[in-house]
Amino acid sequence: MRKLTTEMFCVLTVLSMISLFSCAPDDTNISSYGEDRAQIENLQARYMFALDFGDLDTFVSTFTEDGVLDIIGMKWQGREGIKNGLGNMMPPVGEDKPEALNTSDDKEEKPLYRATGRHNISNIVLKIEGDNAVGRAYWFHMGNGNPERKAALDSYGYYEDEIVKVNGQWLFKKRSIYNEQMAEWIGSDKNPCW
Amino acid sequence: MRKLTTEMFCVLTVLSMISLFSCAPDDTNISSYGEDRAQIENLQARYMFALDFGDLDTFVSTFTEDGVLDIIGMKWQGREGIKNGLGNMMPPVGEDKPEALNTSDDKEEKPLYRATGRHNISNIVLKIEGDNAVGRAYWFHMGNGNPERKAALDSYGYYEDEIVKVNGQWLFKKRSIYNEQMAEWIGSDKNPCW
Amino acid sequence: MRKLTTEMFCVLTVLSMISLFSCAPDDTNISSYGEDRAQIENLQARYMFALDFGDLDTFVSTFTEDGVLDIIGMKWQGREGIKNGLGNMMPPVGEDKPEALNTSDDKEEKPLYRATGRHNISNIVLKIEGDNAVGRAYWFHMGNGNPERKAALDSYGYYEDEIVKVNGQWLFKKRSIYNEQMAEWIGSDKNPCW
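What comes next concerns the included structure. (Residues numbered from 1 in each chain as written. Chains lettered and ligands numbered in written order. Predicted model: local features only at pLDDT ≥ 70, side-chain atom pairs only at ≥ 80, totals over all residues. Heavy atoms only, no water.)

Per the secondary structure count, chain A includes four helices and six strands. Along chain A, helices (α) and strands (β) appear in the sequence α-α-α-β-β-α-β-β-β-β when read from the amino end. Counting all 194 residues of chain A, 53% fall into the buried class. Considering only contacts within chain A whose residues lie at least 6 apart along the sequence, 49% involve residues at least 24 apart. On chain A, roughly 8,800 Å² of surface is accessible, and the fraction owed to carbon and sulfur atoms is 53%. (Helix = DSSP H or I, 4+ residues; strand = E, 2+ residues; numbered from the N terminus. Buried < 20%, exposed > 50% of the residue type's maximum accessible area, 1.4 Å probe, protein only. Contact = heavy atoms within 4.5 Å. Areas by Shrake-Rupley, 256 points an atom, 1.4 Å probe, with all protein chains shown as cover.)

It is worth spelling out the packing of aromatic side chains at this point. Considering all chains together, one arrives at 33 aromatic pairs over all chains under this definition. Ring geometry for Phe49 of chain A and Phe53 of chain A: centres 6.1 Å apart, planes at 10 degrees, overall stacked. Residues Phe49 of chain A and Phe53 of chain A agree in their burial class; the two are buried. Aromatic pair Tyr158 of chain C and Tyr178 of chain C: ring centres 4.8 Å apart, planes at 20 degrees, arrangement stacked. (Phe/Tyr/Trp six-rings, centres within 6.5 Å; stacked < 30°, edge-to-face > 60°.)

Residues and elements named next belong to chain A. Positive phi values are uncommon outside glycine, yet Asn167 reaches one of about 50 degrees. Structurally, the position occupied by Asn167 is in the loop between strand E5 (152-166) and strand E6 (169-179). Residue Asn167 is classed as exposed on the basis of its relative accessible area, which comes to 77%.

What follows covers the pattern of salt bridges. Within this structure, the stated rule accounts for 24 salt bridges over all chains. For the salt bridge of Arg37 of chain B with Glu41 of chain B, the shortest nitrogen-to-oxygen distance reads 3.1 Å. Here Arg37 of chain B pairs with Glu41 of chain B, and both are found in helix H2 (residues 33-52), just four residues apart, close to one helical turn. Owing to a relative accessible area of 10%, Glu41 of chain B belongs among the buried residues under this scheme. Across the pair Arg136 of chain C and Glu160 of chain C runs a salt bridge whose closest N-O atoms are separated by 3.9 Å. In this pair, Arg136 of chain C sits in strand E4 (residues 132-143) while Glu160 of chain C sits in strand E5 (residues 152-166), placing the two residues 24 residues apart along the sequence. Because the salt bridges share partners, they merge into one network encompassing Arg37 and Glu41 of chain A, Arg37 and Glu41 of chain B together with Arg37 and Glu41 of chain C. (Salt bridge = Lys/Arg side-chain N within 4 Å of Asp/Glu carboxyl O.)

Let's shift gears to the packing of helix H2 (residues 33-52) of chain A against H2 of chain B. The relative placement of two packed helices is expressed as an angle between their axes plus a distance between the axes. With their axes 8 Å apart at the nearest point, H2 of chain A and H2 of chain B run at an angle of 65 degrees to one another. Judged by the twist between their axes, the crossing of H2 of chain A over H2 of chain B is left-handed. Between H2 of chain A and H2 of chain B, the residues in contact are Tyr33, Gly34, Glu35, Arg37 and Glu41 of chain A and Gly34, Glu35, Ala38, Gln39, Glu41 and Asn42 of chain B, respectively. Its residues placed into classes, the contact of H2 of chain A with H2 of chain B shows two nonpolar, four polar and five charged. (Axes fitted to C-alpha atoms, helices over the stretch in contact; angles between N-to-C directions. Left-handed = near helix turned anticlockwise from the far one by under 90°. Nonpolar A, V, L, I, M, F, W, Y, C, P; charged D, E, K, R; others polar.)

A few words on the side chain of Asn120 of chain B. In this fold, Asn120 of chain B is placed in strand E3 (residues 117-129). Side-chain polar atoms of Asn120 of chain B contact the side chain of Ser122 of chain A, separated by 2.5 Å. In this structure the side chain of Asn120 of chain B is engaged in a polar contact, spanning 3.4 Å, whose partner is the backbone oxygen of Arg118 of chain B. For Asn120 of chain B, the residues in contact, after removing those within four places along its chain, are Ser122, Asn123, Tyr138 and Phe140 of chain A together with Met48, Tyr138, Trp139, Phe140 and Met142 of chain B. (Polar contact = N/O pair within 3.5 Å; in protein donor to acceptor, adjacent residues only side chain to side chain.)

In this section: the side chain of Asn123 of chain A. Looking at the secondary structure, you find Asn123 of chain A in strand E3 (residues 117-129). We classify Asn123 of chain A as buried; its relative accessible area is 3%. Side-chain polar atoms of Asn123 of chain A contact the backbone oxygen of His119 of chain B, separated by 2.7 Å. Not counting residues up to four positions away in its chain, the partners in contact with Asn123 of chain A are Arg136, Ala137 and Tyr138 of chain A together with Ala45, Met48, Phe49, His119, Asn120 and Ile121 of chain B.

The next point concerns the sheet that holds E6 of chain A. Pairing is mixed across the open sheet formed by six strands, whose spatial order is E2-E1-E6-E5-E4-E3 (chain A). For this open sheet the edge positions go to strand E2 (75-77) and E3 of chain A, each flanked by a neighbour on one side alone. Ignoring which end each strand starts from, the neighbouring axes of this sheet average 15 degrees apart. Pairing between strand E4 (residues 132-143) of chain A and E5 of chain A: twelve bridges, direction antiparallel. Across the sheet, Met142 of chain A pairs through a bridge with Leu153 of chain A, a residue of E5 of chain A. Against the sheet, H2 of chain A engages strand E1 (63-70), E3, E4, E5 and E6 of chain A, with an angle of about 155 degrees to E3 of chain A. Along the sheet, H2 of chain B contacts E3, E4 and E5 of chain A; its crossing angle with E3 of chain A, the most-contacted strand, is approximately 110 degrees. (Pairing = 2+ DSSP bridges.)

Judged by its relative accessible area of 3%, Arg37 of chain A falls in the buried class. Between the C-alpha atom of Arg37 of chain A and that of Ile124 of chain A, which follows or precedes it by 87 residues, the distance is 9.5 Å. Apart from residues no more than four positions distant in its own chain, Arg37 of chain A is found in contact with Ile124, Val125, Leu126 and Ile128 of chain A together with Ala38, Glu41 and Asn42 of chain B.

Remark: the empty space left among the atoms is shown by a probe the size of a water molecule rolled over them. One pass over the structure, following the stated rule, counts three cavities of 30 Å³ or more. Taken as a whole, the largest cavity spans an internal volume of roughly 410 Å³. Lining the largest cavity are 26 residues; nearest its centre among them are Ile124 of chain A, Ile121 and Ile124 of chain B together with Ile121 and Ile124 of chain C. Where the lining of the largest cavity is concerned, the elements lending two or more residues are H2 and E3 of chain A, H2 and E3 of chain B together with helix H2 (33-52) and strand E3 (117-129) of chain C. In this structure, the second largest cavity encloses a volume near 100 Å³. What lines the second largest cavity is simply Gly34, Arg37, Ala38 and Glu41 of chain A, Gly34, Arg37, Ala38 and Glu41 of chain B together with Gly34, Arg37, Ala38 and Glu41 of chain C. Of all the secondary-structure elements, those providing two or more residues to the lining of the second largest cavity are H2 of chain A, H2 of chain B together with H2 of chain C. (1 Å grid on protein atoms, 1.4 Å probe; cavity = no way out; pocket = protein on both sides within 12 Å on 5 of 7 lines; lining within 4 Å. Points joined across faces, edges and corners; volume = space filled by probe spheres on them.)

See the structure below:
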């Protein structure tokens, strides 16, 4: 009898511990729509900061090792491939530094300080199954690349994403970018979502 | 004694199983602020894709069977009612297809390709109690309906939402849309949120 | 033996109950990335509604008692300090009420109804450890303060946030606001995120 109850104690303790651990706030272990979506939203936002501030190393770290960035007109695979491909399209980091305040009269010729461009993501739709997610979202871009540094919206489009969980971390496996300011990159006229 | 410990075993096993199941990643069972908010954000984003791509069947599926869409100037109830009402306001799907690239000189008269309009949601506030949620959020719209297909912001406003969970799925029970480009639809000058 | 099994019953029941409660949808108890992020996103959105609708009491309630709002050019500490400082910069609430519809011909002089301004948050990045979070996000502002009440984007920038959980509620401990339309407030040219 003593033996039996001791065994029971073990079995029940294990069951209880399983219950406890399945709820513990360990991000790499929790898997639910809310937890996964939160991690993926964070990834998508970090991607934007890295892109707009020219931080290519962080940018490519949001992709899997063999991840694909497809901007329709061009397509790169792998972190090095993306870094080189995108790097060639972007102004060299640091070249566009802030200038001294312009106190002359010809403000239209000399800008007051460096220009910036900012990508934003919205309307994030995610279908998640286990370690695989399919995403759709809108993006839009604003910038102030004019002498007055006046903010203006200048383009928009949408993303089609494949996102995977690798060693507990969500990463882009493939991001396709449609741009509705370019006839060739405009994307579908059918709902690309569900 | 043997009987007692067997009963104990059953009771405790049941308790442990309840614990396990209450944590299982079954989206229809989990109910917490984070899980519910994630599902509702997804709903709100799917609504936008369906609206902008003229997918009225998917659009009305984001409402309950007797759901209400109130754009202040007009108001429709039920999926069929919303589909008919909104359908009459939208350009027929497919009529605005991409045109061949315009290579002539008079680019101002013939657009290069179809125009698009994109609604975006931001600043989502949600108060959730059980299967009922009350929402507030901002919306803004951009489009490129000009010969150059130049992106431009053209309107904004806010939503007041009632959202309910039906058979494990969050759906709009009522969405009211305030539009700050229309004197009659401009909405409150007091904080509509909390 | 009877005593032992009764003790066991108690221990195991307690273990099971702990498991149950650790999963219960009690927002103040749950702590996981998804739950915390959901609460913080809600806070960030409520802040925007309160700001744009001139609801200063709600606005300052999104900060801790000794919270700091640093708009780089100016900096205020404490709820009263923020309320007074920000209040002096904003038009008095209610002074900008909707006017009667303008039916005269000189529409350029008399606006049709009150103007509004709307701040939006996007690209929210959050690093959360226990009751402390560090945040980065983009913001952009649109308004219609012109006679035609035409919507236009007018400024953008980014936030650096310190957010803490006090008595189960996430609040801003410090928000710093960078504004890329002001040479002095433009912020870093290195990625402020990770």
